[in-house]
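Report on the structure
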Amino acid sequence: MLLHLTHDTPLWVTGLILTLGAAAYGIGLTLFSRWMYGVDRLKLNNEVAGFKFAVVGVFYAVLLAFVVIAVWEDFRNTENAVRDEAKAAVDLHRISFALPLEGGADIRKHLLNYVNDVRDHEWVTMAVGEPSDAVVKDLDRLSQAVFAVKPEDFQQLALYQNALRLLAVMTDNRNERLDSADGSMPSILWFVLVVGGLITLGYPAFFGTTNLLAQALMTGALAELVALSMLLGLALDYPFTGEVHISAFPFDHALRQMPPNWPPP
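Residues numbered from 1 in each chain as written. Predicted model: local features only at pLDDT ≥ 70, side-chain atom pairs only at ≥ 80, totals over all residues. Heavy atoms only, no water.

Points about the overall build of the chain
Along the backbone of the chain there are 10 helices and zero strands. Ordered by position from the N terminus, the helices and strands of the chain form the series α-α-α-α-α-α-α-α-α-α. Scaling as 2.2 N^0.38, a compact globule of 265 residues should have a C-alpha radius of gyration of about 18 Å, whereas the chain reaches 27 Å, well beyond that. Projected onto the principal axes, the alpha-carbon positions of the chain cover approximately 90 × 30 × 30 Å. In the chain, which comprises 265 residues, the share counted as buried stands at 43%. A fraction of 84% describes how many contacts in the chain between residues 6 or more apart in sequence connect residues 24 or more apart. With an accessible surface of roughly 14,300 Å², the chain has 66% of that area assigned to carbon and sulfur atoms. Looking at charge distribution, the chain has the averaged site of its 18 positive side-chain charges lying 4 Å from that of its 28 negative ones. (Helix = DSSP H or I, 4+ residues; strand = E, 2+ residues; numbered from the N terminus. Rg over C-alpha atoms; globule rule 2.2 N^0.38 Å. Buried < 20%, exposed > 50% of the residue type's maximum accessible area, 1.4 Å probe, protein only. Contact = heavy atoms within 4.5 Å. Areas by Shrake-Rupley, 256 points an atom, 1.4 Å probe, with all protein chains shown as cover. Lys, Arg positive; Asp, Glu negative; His and termini not counted. Charge placed at Lys NZ, Arg CZ, Asp CG, Glu CD.)

Right under this line is the structure:
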């Protein structure tokens, strides 16, 4: 649900809904409690409610920081996986020139198909959390081409072992980016985050101050901070979806380093 929301809705629209909704909730609840109970009665809660609000605020701040840091680290790890996969493809392409002629040519053919399809097709399917069927077939053909190579001497055997390692690096890093494509945060954590935000923004309604404008501005500022932090977590949790996404540039750069003949003139 959140994946399709991030994919189908512009980030600024989601941010506008979150910030306006949080501010309306927090300020509206504050105004309602003042109208319902009166300022003088709410002032009696200031000392006790202030202490409890500090505990709730610290707890929610820790939870929010944990979520933002967790999704940011996963975003960075996925970026590194994309770079490592692209670099392994370039290295495998170069090693293929030192392998037997026919086997090396097959590896290069399927490797170029794989990189092109990852860039052109899988980046589109990962935006909705799915792999590309074309890339799955390309990886199978590439693996078969690597396994079919018969080294002719000890030098080719050493290079062939490195080619197998690079194929494993590409496969592992592809699996890592696919795992991250549909989000890393479980639904229960989003549920706790939303409910905790509602509780935190509802606490100012227990306070009563003489200056209504100041209380409304403070409540609104708190609401915006909570909403923007949740927006940040939502944007980073799906690294290939929406406006804040991981670029396919490493694969573009890899293709420029994979000429049909090597070393290039």
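Regarding helix α2 (residues 11-37)
For α2, with 27 residues, the first-to-last C-alpha span of 39 Å sits near the 39 Å given by 1.5 Å per residue. Among all positions in α2, only T14, G15, T19, A22, A23, G26, T30, S33 and R34 are buried. Taken from the residues just after α2, G38 is the one with a positive phi, measuring 90°. (Expected span 1.5 Å × (residues − 1).)

Some details on the pattern of salt bridges
Overall, the coordinates contain eight salt bridges when judged by the stated rule. Taking the shortest distance from any N to any O, the salt bridge between E79 and R76 comes out at 3.2 Å. Here R76 and E79 lie together in helix α4 (residues 46-96), a separation of three residues that amounts to about one turn. Given a relative accessible area of 37%, R76 falls into the partly exposed group. Residue D84 pairs with K87 through a salt bridge whose shortest N-O separation is 3.6 Å. Here D84 and its partner K87 are both found in helix α4, three residues apart, which amounts to about one turn of the helix. (Salt bridge = Lys/Arg side-chain N within 4 Å of Asp/Glu carboxyl O.)

Remarks on a nonpolar patch on the surface
Nonpolar side chains collect at one region of the surface, where I188, F191, V192, V195 and I199 lie side by side and expose about 440 Å² of accessible area between them. When you line up the elements, I199 lands in helix α8 (residues 187-202). (Patch = residues over 30% accessible without salt bridge, like charges linked within 9 Å, V, L, I, M, F, W, Y side chains within 5 Å.)

Things to note about the nonpolar core
Judged by nonpolar contacts, the single largest core of 55 residues is most densely connected at L92, I107, W123, L142, M170 and L193. Mapped by element, the contributors of at least two residues to this core are α2, α4, α5 (101-126), α6 (133-147), α7 (154-181), α8, α9 (212-237) and α10 (249-256). No other element matches α4, which puts 13 residues into this core. (Core = buried A, V, L, I, M, F, W, Y, C linked by side-chain atoms within 4.5 Å.)

Concerning the side chain of T30
Summarising the element assignment, T30 is placed in helix α2. For T30, the contacting residues outside a window of four places in its chain are P204, A205, Q215 and T219.

Thoughts on the packing of α2 against α9
Where α2 meets α9, the closest approach of the two axes is 8 Å, and the angle between their N-to-C directions is 145°. As for how α2 packs across α9, the hand of that crossing is right-handed. Of the residues in α9, those in contact with L11, T14, G15, L18, T19, A22, A23, G26, I27, T30, L31 and R34 of α2 are L212, Q215, A216, T219, G220, A223, E224, A227, L228, L231, L234 and A235. Broken down by class, the residue content of the contact of α2 with α9 amounts to 14 nonpolar, eight polar and two charged. (Axes fitted to C-alpha atoms, helices over the stretch in contact; angles between N-to-C directions. Left-handed = near helix turned anticlockwise from the far one by under 90°. Nonpolar A, V, L, I, M, F, W, Y, C, P; charged D, E, K, R; others polar.)

Quick word on the packing of α5 against α6
Between α5 and α6, the shortest axis-to-axis distance is 9 Å and the interhelical angle comes to 160°. Classified by the angle their axes make, α5 and α6 are roughly antiparallel. For the element pair α5 and α6, the recorded crossing hand is left-handed. Residues D106, I107, H110, L111, N113, Y114, D117, V118 and E122 of α5 lie in contact with α6, whose contacting residues are A134, V135, D138, L139, R141, L142, A145 and V146. (Parallel < 35°, antiparallel > 145°, perpendicular 65-115°, else oblique.)

Topic: the packing of aromatic side chains
Under the criterion given, the structure shown has four aromatic pairs. Where W123 meets F240, the ring centres are 5.3 Å apart and the plane angle is 85°; that geometry is what we call edge-to-face. Placement of W123 in helix α5 and of F240 in the loop between α9 and α10 is noted, with a sequence separation of 117 residues between them. The class of W123 is buried, set by a relative accessible area of 11%. Between W123 and F251, the aromatic rings sit 5.7 Å apart at their centres with planes inclined by 65°, giving edge-to-face as the arrangement. With W123 in helix α5 and F251 in helix α10, the pair connects residues that are 128 residues apart, well separated along the chain. Taken together, the aromatic side chains of W123, F240 and F251 make up a single cluster linked through ring pairs. The positively charged end of R108 is found above the aromatic ring belonging to F97, 4.1 Å away from the centroid. (Phe/Tyr/Trp six-rings, centres within 6.5 Å; stacked < 30°, edge-to-face > 60°. Lys NZ or Arg CZ within 6 Å of the ring centre and 35° of its normal.)

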